[in-house]
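# Results of the structural survey
What follows is the residue order along each chain.
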Amino acid sequence: MRPTLRTLTVSTALCATSLLAAPHALAEVETGGWQSVSPTYTEQERGCGQIDGLTFRLTCSTASGDQRAERRYATYTGGTRQFEGYFRITSLSGTRISLKQTFHESGSGPYFMLAVERGGRLYAVHGGTTLSNAGTVGATVRVNTVHQVGAEHRTYINGSLKHTYASPGGSFYDKFGAYRTNSGNGTATVEWSNVRFWRK
């Protein structure tokens, strides 16, 4: 039996819908009940920090002062939040540059910071735990953080769980870009892409 035009149209529409839905379904690193959200953000350029779209630069090798180029997203309280983004370091003459932060706004400040050392080591600034050696110049790295406020913060690198950290309650926000840590210095250029957020 030959399919009618209506059958072909419905089948084509269903296939197109499946293709469009696939990236979203595969994006979350933990399953179950995620709702896509689009929080607002502000940009922060301080010292020698420069932002051009999703490219973040520290143009000086200064090892003191506030050197940053970051996006700061809206505050959240309670529930579970997931961040996803891909970064590619295109140049790194410096070292110990923070790439992604979960900031404890109502508490102690930078609660979780993912940073990179020259050579590609990705580490948690607080505690110094090595998460991966994937952060080499030119490599694209996927980062997911899943934050259960008042319970736990989990960090995934390229889809694999690499770090867990107990979480207090309170208000938090996400930041990413390029930021000189207390023991770091530029220069650095980081390109981010495909940034997404979910909640449940």
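Model, not experiment: these values are computed from the prediction. (Residues numbered from 1 in each chain as written. Predicted model: local features only at pLDDT ≥ 70, side-chain atom pairs only at ≥ 80, totals over all residues. Heavy atoms only, no water.)

Here we come to unusual backbone geometry. Thr187 follows Gly186 through a cis peptide bond whose omega is 10 degrees. Mapping Thr187 onto the fold places it in the loop between strand 15 (171-185) and strand 16 (188-199). In this model, Arg96 sits at a positive phi of 55 degrees, which is unusual for a non-glycine residue. Relative to the assigned elements, Arg96 resides in strand 8 (residues 95-104). (Helix = DSSP H or I, 4+ residues; strand = E, 2+ residues; numbered from the N terminus.)

Glancing now at the pairing of strand 4 (residues 55-58). The sheet contact formed by strand 3 (residues 49-52) and strand 4 spans four bridges and is antiparallel. Residue pairing across strands places Asp52 opposite Thr55, the latter belonging to strand 4. Count of turn residues in the strand 3/strand 4 antiparallel hairpin: two residues, of which Gly53 carries a positive phi of about 65 degrees. (Pairing = 2+ DSSP bridges.)

Here we come to the side chain of Glu117. Of note, Glu117 is situated in the loop between strand 9 (109-116) and strand 10 (122-124). Taking relative accessible area as the criterion, Glu117 reaches 18% and is therefore assigned buried. The contacts of Glu117, once residues within four sequence positions are left out, are Leu92, Thr95, Arg96 and Tyr123. (Buried < 20%, exposed > 50% of the residue type's maximum accessible area, 1.4 Å probe, protein only. Contact = heavy atoms within 4.5 Å.)

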